Amino acid sequence: MTRHAFLGAVAAAAMAASAAASAQVGAPIAPTVAAATDEPAPSVARTITLRELGFESGFEIAGLSGARDLYFPVPAGAEVEELRLVLPYRADSAFGSRRSVAIEIGGRTQYTAALPQGPSQGVIDIPVDPALADRGYLAARIIYSGAITEDRCVDQRLSGAYLAFAGDGGLQARFDGGSLRRVSTLAAAMPAALDLSLPDGASARQAAAALTLMLGGGDARLAGSPPRGGTQGNGWQVARVGFAGPAAPAMAVRMDGGRPALDLGGEDPVAGARLLRSDWKAVAAAPSLAAAGRDARSAARGLTIADLGADTSVQAISDRGEWNVPIHASAIPAGQRMTGLVLDVAVAEDGGASPPVIAVLFNGVLLASAEAEEDGRTQIAVDLPDGLANTQNSLDVSVVRQTASGDCKYAPQGYPAQLLPSSRIELGPAEAPDDFSDLPSALNDGFTLVMPDAAALGPAAALLGPLVSGEGAVGVSYDAIPDAGPVVYVGAQAPAGTEPIVRFDRGAIAIAGEDGRTILDREAIENLTTVQILEQGGRPVLWIRPGADFAALGASEEPPVLGYGNAAFLAGDQIAFAFHDARERLIDIRYPDESSFAQFLQRYRLWLIGFGWVLLTLGFVYLLRRVIASNKAKG
């Protein structure tokens, strides 16, 4: 379940007079509809794709048994005219097998069919009764089962079978446009992809509101930039968010080309942006919200698998089941870092002599394995080795049973297992950021983006998106650097009071490796975008020096994700070279235009060290010979 989907549930339950404790409403909610919403509101078609639910590339059920639970947001306040579950699939089996797929919706079987022999693909298209949606969601369960043969002497694991669903499939919905005029209903129904329309000469507060929506790895872009992954699906796939002036309501719905759009205004549009993307604050259930305030204090103290929106559904496992949990560094609370994992796995007994085995992998590294406890719940605690965590992480938990099939006695039978939502990430205090992947601990509590103008907002947000959650207080300044707090600085020269790793005030630059071979020459470096972690008066500063194609970052479908190192060079939307100045001691940063004794020592330090050892060795040999000669003379 994604954060956007969870927002739908919270928003649909919001009451007109309610206000969250951390989002104070400074004036009564306006009871009237804004003038822009008086336009006719035709029906709005919307596809809620698997990609929006967190299955970026769809999902696959391997083997001959498995199940998957899906929860599609269907706002309770929206009038649904039509629902259809449309799921493109592909399936195959290495051996001839008899397989079937069934789909339960709202706890009732709505579809069942046999899968054809051999490779196949098709589309499951089921009309759905809107009354099956409950409390803002439509629950669907896909059940897959089969067997190679009825001969129990054959091991069913030989099948090589699978059933895969594409990420652009999902729930096709048609809403009555008039029912989407309420802020809460629109917030729950709108697509995850956002098109942000900043006005010309946008104020710093409007830019900060747009930046807030673009952080956290979400798919929010400035107007004109393509959404990540294109616009798969039919109908309303990109929601428009505009920015009004200080006199406008904090949040208001308007119609734009027959589709609802949201405007953020008021004295502090950042408050509206944070209210829109918040997990816990209630979005006002009215056509417009008169005012909003914000509280930057963070109450995060822990992080469970459920907080990450991970799939923890029950799986029927006959031989192997697996759960994958993406863990983005931006989800880690401010001032904290990942130190370990505590995983709760429930596995039903199958009556076999060998207990199931649970394995835990983090970023492809096996950290632990254990036999499942007999009481059905097993807890595995592991420590994360230093340097293993990165900006984007993957946790894989698998359960393997010793199947009884193939012994001519038992047919394969799936037994339930589940990665429990109580599984959690252990956190500890974080130090000053050492690598780019450490920046969330410093920036998640709030920061200020200092840039020359609003044109730098899109590219800067593309770099910051995977590194910052956007839940802290985000500010934008077009000129001065604030006196306190973390800073992201976009400019040609380093901020005053910092010591850059790569300096641009010493003329030409070249970076060479241990053998003196040039890695990046002066011409390449001048055209590349450079990103460095600096320190200024005890606070972190991320310096972004725009290159020739810096603007291309804002339109990139796959922006670069900074992780390792504290200095990086970007060629367009690709990382050309990244390093850590303290760990890569064989990286030589040269300034050819600068001639000094220090530069001479830096350039030829390896030769000088070697020459020094030779002199020391010769001196030692000479002294040793003198001592031996002296001893012989005395003898």
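Our subject is the structure that appears above.
Here goes a summary of the coordinates provided. Predicted model, so just to flag it, every value in this text is computed and none were measured.

## Some details on unusual backbone geometry
At Arg-135, a residue that is not glycine, the phi angle is positive and equals roughly 55°. Considering the arrangement of structural elements, one finds Arg-135 in the loop between β7 (120–128) and β8 (137–147). On the basis of relative accessibility, which here comes to 72%, the residue Arg-135 falls in the exposed class. Residue Asn-363 is not a glycine yet carries a positive backbone phi of 55°. The residue Asn-363 is located in the loop between β21 (357–362) and β22 (365–371) in this model. Residue Asn-363 is classed as partly exposed on the basis of its relative accessible area of 27%.

## Section: the sheet that holds strand β27 (residues 446–450)
Read across the sheet, seven strands follow the order β28-β27-β29-β33-β32-β34-β35 without closing on themselves; strand pairing throughout is mixed. Two strands bound the open sheet, and with one partner strand each, they are β28 (473–477) and β35 (574–579). For this sheet the average axis-to-axis angle between neighbouring strands, irrespective of direction, equals 20°. As paired elements, strand β29 (residues 487–490) and strand β33 (residues 539–545) share four bridges and run parallel to each other. If you follow Val-488 over to β33, its bridge partner there is Leu-542.

## Describing the nonpolar core
Counting residues in each nonpolar core, the largest one holds 95 residues, and the members touching the most others are Phe-72, Leu-85, Leu-196, Phe-447 and Leu-449. Among the elements that line this core, the one with the most residues is helix α3 (residues 204–214), at seven residues. Discounting residues that sit within four places of it in the chain, Leu-196 has contacts with Ala-210, Leu-213, Met-214, Ala-220, Arg-221, Leu-222, Ala-223, Val-241 and Phe-243. By size, the runner-up hydrophobic cluster in this structure holds 28 residues, among which are Ile-327, Val-360, Leu-384 and Val-399.

## Observations concerning the packing of aromatic side chains
One pass over the full model with this rule turns up four aromatic pairs. Ring centres 5.3 Å apart and planes at 55° place the aromatic pair Phe-55 and Phe-59 in the tilted group. According to the relative accessible area criterion, Phe-59 is buried, its value standing at 7%. On the numbers, 5.3 Å between centres and 35° between planes, the contact of Phe-59 with Phe-165 is tilted. Placement of the pair is Phe-59 in strand β2 (residues 59–62) and Phe-165 in strand β9 (residues 162–165), with a sequence separation of 106 residues.

## Here's the deal with the environment of Leu-85
Along the polypeptide, Leu-85 turns up in strand β4 (residues 80–92). Note on Leu-85: relative accessible area 2%, which makes it buried. Sequence separation between Leu-85 and Ala-140 is 55 residues; the distance between their C-alpha atoms is 9.1 Å. Look past the residues within four positions of Leu-85 in its chain and what remains in contact with it is Phe-72, Ile-103, Ile-105, Ile-124, Asp-125, Ile-126, Val-128, Ala-140, Gly-170 and Leu-171.

## What to know about helix α6 (residues 457–464)
With eight of eight residues buried, α6 is to be regarded as a mostly interior element. For α6, the full list of buried residues reads Leu-457, Gly-458, Pro-459, Ala-460, Ala-461, Ala-462, Leu-463 and Leu-464.

## Some points on the sheet that holds strand β36 (residues 588–590)
Taking strand neighbours across the sheet as the criterion, the three strands line up as β31-β30-β36 in an open arrangement whose pairing is antiparallel. Edge positions in the open sheet fall to β31 (518–520) and β36, since each of these has one partner strand only. Going across the sheet, the axis of each strand differs from the next one's by a mean of 35°, ignoring polarity. Pairing geometry for strand β30 (residues 510–512) and β36, over three bridges, is antiparallel.

## What about the pattern of salt bridges?
Tallied over the entire structure, the rule returns 19 salt bridges. For the salt bridge of Asp-311 with Arg-68, the shortest nitrogen-to-oxygen distance reads 2.2 Å. Here Arg-68 lies in strand β3 (residues 65–73) and Asp-311 lies in the loop between β17 (303–304) and β18 (315–317), a separation of 243 residues in the sequence. As far as the burial class goes, Asp-311 and Arg-68 line up, both buried. The residue Arg-401 makes a salt bridge to Asp-350 at a minimum N-O spacing of 3.4 Å. Of this pair, Arg-401 sits in the loop between β24 (392–400) and β25 (415–419) while Asp-350 sits in the loop between β20 (336–347) and β21, and the two are 51 residues apart along the sequence. On the basis of relative accessibility, which here comes to 3%, the residue Arg-401 falls in the buried class. A single network of salt bridges, built from pairs that share partners, joins Asp-195, Arg-240, Arg-254, Asp-256 and Asp-263.

## Things to note about a nonpolar patch on the surface
Taken together, Leu-586, Leu-606, Ile-609, Trp-613 and Leu-616 make up a surface patch of nonpolar side chains, about 540 Å² in accessible area. Among the secondary structure elements, Trp-613 is positioned in helix α9 (residues 605–634). Overall, the relative accessible area of 57% leaves Trp-613 in the exposed class.

## Brief notes about the side chain of Asp-396
Position of Asp-396 among the secondary structure elements: in strand β24. Buried charge without a salt bridge: Asp-396, with Arg-320 as the nearest opposite-charge side chain at an N-O distance of 7.8 Å. Within the structure, Asp-396 has its side chain in polar contact with the side chain of Asn-324 (distance 2.7 Å). Engagement of the side chain of Asp-396 in a polar contact is seen with the side chain of Ser-394, the distance being 3.5 Å. Discounting residues that sit within four places of it in the chain, Asp-396 has contacts with Glu-322, Trp-323, Asn-324, Ala-359, Val-360 and Leu-361.

## Topic: the pairing of β2
Only one face of β2 is buried: it carries Phe-59 and Ile-61, and the other face, with Glu-60 and Ala-62, is open. The pairing of β2 with β9 spans four bridges and is antiparallel. Residue pairing across strands places Ile-61 opposite Leu-163, the latter belonging to β9.

The rules we used
Residues numbered from 1 in each chain as written. Predicted model: local features only at pLDDT ≥ 70, side-chain atom pairs only at ≥ 80, totals over all residues. Heavy atoms only, no water. Helix = DSSP H or I, 4+ residues; strand = E, 2+ residues; numbered from the N terminus. Buried < 20%, exposed > 50% of the residue type's maximum accessible area, 1.4 Å probe, protein only. Pairing = 2+ DSSP bridges. Axes fitted to C-alpha atoms, helices over the stretch in contact; angles between N-to-C directions. Core = buried A, V, L, I, M, F, W, Y, C linked by side-chain atoms within 4.5 Å. Contact = heavy atoms within 4.5 Å. Phe/Tyr/Trp six-rings, centres within 6.5 Å; stacked < 30°, edge-to-face > 60°. Salt bridge = Lys/Arg side-chain N within 4 Å of Asp/Glu carboxyl O. Patch = residues over 30% accessible without salt bridge, like charges linked within 9 Å, V, L, I, M, F, W, Y side chains within 5 Å. Areas by Shrake-Rupley, 256 points an atom, 1.4 Å probe, with all protein chains shown as cover. Lys, Arg positive; Asp, Glu negative; His and termini not counted. Polar contact = N/O pair within 3.5 Å; in protein donor to acceptor, adjacent residues only side chain to side chain.

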